[in-house]
Amino acid sequence: MTRRTVLGAVLVLLLAIGTVVGSGATATAPRAAAVENGLARTPAMGFNNWNATNCRAEFNEQMVRQIADIFVSRGLRDAGYNYVNIDDCWALPNRDGGGNLVPDPARFPSGIKAVADYVHGKGLKFGIYTSAGTKTCNALGFPGGIGHEQQDANTFASWGVDYLKYDNCGDHLGQSAQERYTRMRDALLATGRPILFSICEWGSNAPWDWAQPVGNSWRTTDDIQDNWNSMLGIFKANVSLAVNAQRGAWNDPDMLEVGNGGMTDTEYRSHFSLWAMMNAPLLIGSDLRSDGQATFDILTNRDVIALNQDSLGVQATEIANSGGHHVLTKPLDNGDVAVALFNETASAATFGTTAAAAGLGNATSYQLRDLWSKATTTSTGAISASVPAHATVVYRVSRAGTFSTPPAGTTQVSSLPASLSASAWGPVERDRSNGEQAAGDGRTLTIGGTTYARGLGVHARSEVRYYLGGRCTSFQAWVGLDDETGDNGSVTLEVWGNGMLASSGVVHGTDAAKRVTANVTGLQYVHLAVLPTVDGPRYDHADWADATVTCS
């Protein structure tokens, strides 16, 4: 078995939830390996001043207070934006005699704590910036955090900081990125204050391979610029990393440029749509004090925001790209699927996909809601649109018409038609293991030396959903990594249905099968997810063995 990187999206719990039954005994599911600060279960939403002000004089405490006011008065807080973050240039160029960071009295005459208190008084959260080196990134060379991690973390906690953006400038003193960022993670956790940790090392050291247990997000590219080519290049780099994102730890393609003037409103709608589909942190980068209504209309599109904030936490996967016509799909917790049709070219074009290709099935028709125009149409399976140049059409697709439900009694799910079916390497296999990429190339399902005649064989990340129609009471399965991988691999298997119902916790190739059960009484669907853990999606051939639903 060769190691391989697969497309899809990773979803690892911060805190595993549910009950697992293994070897006949009940046990609490073990925690998955991710940064355990309980934050960013959906991507962060908020504001950062850098794209609008850089280090210019208009960046000051008055601006920060005014932004917080606008969050409330213009509906941004109610739309989900809650972090008001400041970037570089807030401090004096030197620490004080005790080695402490000192706010610039010209910019912040009231001090940082007073500004944070003002932001908190608006029902919002406050974020700050420093760097994982001797200096920050601005040419004036403000002091960085290396060698002062615990001192600075304590200072931030005492000021009421809720979010830390940790950049990658200055002398690194021979330390690796993983060492430097892990040290600050530990310092933040030691303060006892929940502080979201944003890793900003520009993707230079492939943080998607190691940052899941370190930070709540990690930059995947260089800084974004307010122009079409910059946004497009960053999208293309970030979309291919979907396999590494997970609840509590997200790919970060940098802040939004919406409203800064370098792109058209059509292009800004594409920018916002793609960032929402990719589960990017949505950090406003424009000066809201001077933005027009068109910018607020984009930033407060709650239908698009809902895709980004969906609790299932799946980053969109690009399922097609032909001649600059991109198709992205994203399963959602309520059973719908989001489909984005993005036209990067300079000419309008009609293109699309099908419900089956988007992972939907088991229905005779589908409802398509356009999340920008708000128009609703129906389809027997085709999902397409005439997409203007540089535009993105985003549909929320729901099953409609008639569809089958499981019969009364206990039924093997492998005999049921799936309403969504996706596996990162090869198809979802019925009654056999994943094998390799070709359909039907697996073997008898085997976990820990025990064979099972029935079940599903998948490769993480995988998503399989069955329509229950409110008629069923329980789901049960034996789960684990198939023996065809040897002792390799590690995954988490989860059962969802309008929220998390059960989890295996992290299971390894050396483990025996674990029993997973879930109460699905009254639910419209049951959703089975298999997720890579922080060692990546290598060898992650997982089995839902003897998987059944009991219905009336």
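The rules behind the values
Residues numbered from 1 in each chain as written. Predicted model: local features only at pLDDT ≥ 70, side-chain atom pairs only at ≥ 80, totals over all residues. Heavy atoms only, no water. Phe/Tyr/Trp six-rings, centres within 6.5 Å; stacked < 30°, edge-to-face > 60°. Helix = DSSP H or I, 4+ residues; strand = E, 2+ residues; numbered from the N terminus. Buried < 20%, exposed > 50% of the residue type's maximum accessible area, 1.4 Å probe, protein only. Pairing = 2+ DSSP bridges. Axes fitted to C-alpha atoms, helices over the stretch in contact; angles between N-to-C directions. Contact = heavy atoms within 4.5 Å. Salt bridge = Lys/Arg side-chain N within 4 Å of Asp/Glu carboxyl O. Parallel < 35°, antiparallel > 145°, perpendicular 65-115°, else oblique. Nonpolar A, V, L, I, M, F, W, Y, C, P; charged D, E, K, R; others polar. 1 Å grid on protein atoms, 1.4 Å probe; cavity = no way out; pocket = protein on both sides within 12 Å on 5 of 7 lines; lining within 4 Å. Points joined across faces, edges and corners; volume = space filled by probe spheres on them.

Moving on, we come to the packing of aromatic side chains. Remark: the centre distance and the inter-plane angle together describe each pair of aromatic rings, the angle taken between the planes. If you walk through the whole model with that rule in mind, you get 13 aromatic pairs. With 6.3 Å between their ring centres and 50 degrees between their planes, phenylalanine 156 and tryptophan 159 make a pair best called tilted. Of this pair, phenylalanine 156 and tryptophan 159 both sit in helix 5 (residues 149–159), separated by three residues, roughly a single helical turn. Residue classification places phenylalanine 156 among the buried residues on the basis of a relative accessible area of 0%.

The next subject is the sheet that holds strand 28 (residues 500–508). Taken in spatial order, the five strands line up as 20-25-30-27-28 in an open sheet, and their pairing is antiparallel. Single-partner strands in this sheet number two, and they are strand 20 (420–423) and strand 28. Strand-to-strand twist in this sheet, taken as the mean axis angle between neighbours without regard to direction, amounts to 10 degrees. Sheet topology note: the strand 20/strand 25 (residues 462–467) ladder contains four bridges and is antiparallel. Note that in strand 25 the partner of alanine 422 across the bridge is glutamate 463.

Glancing now at the sheet that holds strand 12 (residues 325–331). Reading across the sheet, the six strands line up as 11-12-13-18-15-16 and stay open at both edges, with antiparallel pairing between neighbours. The open sheet has two edge strands, strand 11 (317–322) and strand 16 (376–379), and neither has a second partner. Looking at each pair of strands side by side, their axes are set apart by 25 degrees on average, direction ignored. Here six bridges tie strand 13 (residues 337–343) to strand 18 (residues 392–400), and the two strands are oriented antiparallel to one another. Residue pairing for strand 18: alanine 340 is matched across the bridge by valine 394. Packing against the sheet, helix 7 (residues 228–239) makes contact with strand 11, strand 12 and strand 13, and its axis sits at approximately 50 degrees to strand 12.

Before going further, it helps to spend a moment on the pattern of salt bridges. Tallied over the entire structure, the rule returns 21 salt bridges. Of the charged contacts, one joins glutamate 61 and arginine 65 as a salt bridge, the two residues approaching to 3.5 Å between their closest N and O atoms. Of the two residues, glutamate 61 and arginine 65 both sit in helix 2 (residues 61–73), four residues apart, roughly one turn of that helix. Owing to a relative accessible area of 22%, arginine 65 belongs among the partly exposed residues under this scheme. Overlapping salt bridges bring together Arg219, Asp223 and Asp254 as one network.

What follows covers the pairing of strand 25. Of all six residues that make up strand 25, six are buried, and the element is covered over most of its length. Burial along strand 25 is two-sided: the face carrying Ser462, Val464 and Tyr466 and the face carrying Glu463, Arg465 and Tyr467 are both buried. Relative to strand 30 (residues 525–532), strand 25 is paired through six bridges, and the arrangement is antiparallel. Among the inter-strand pairings, glutamate 463 is bridged to a residue of strand 30, identified as alanine 529.

Attention now moves to the packing of helix 2 against helix 4 (residues 112–121). Orientation of helix 2 relative to helix 4, taken along the N-to-C sense of each, is 10 degrees, at an axis distance of 9 Å. Taken together, the axis directions place helix 2 and helix 4 in an arrangement best described as roughly parallel. Residues Glu61, Val64, Arg65, Ala68 and Asp69 of helix 2 lie in contact with helix 4, whose contacting residues are Ala114, Val115, Tyr118 and Val119. Grouping the amino acids of the contact of helix 2 with helix 4 by side-chain chemistry returns six nonpolar, no polar and three charged.

Take a probe with the size of a water molecule and roll it over the atoms, and the empty space left behind shows itself. The full count for this structure, using the stated rule, is two cavities of 30 Å³ or more. Roughly 70 Å³ of volume is contained in the largest cavity. Forming the walls of the largest cavity are Tyr163, Lys165, Ser198, Cys200, Arg219, Asp252, Asp254, Met255 and Leu283. The residue inventory of the lining of the largest cavity, partitioned by class, reads four nonpolar, one polar and four charged.

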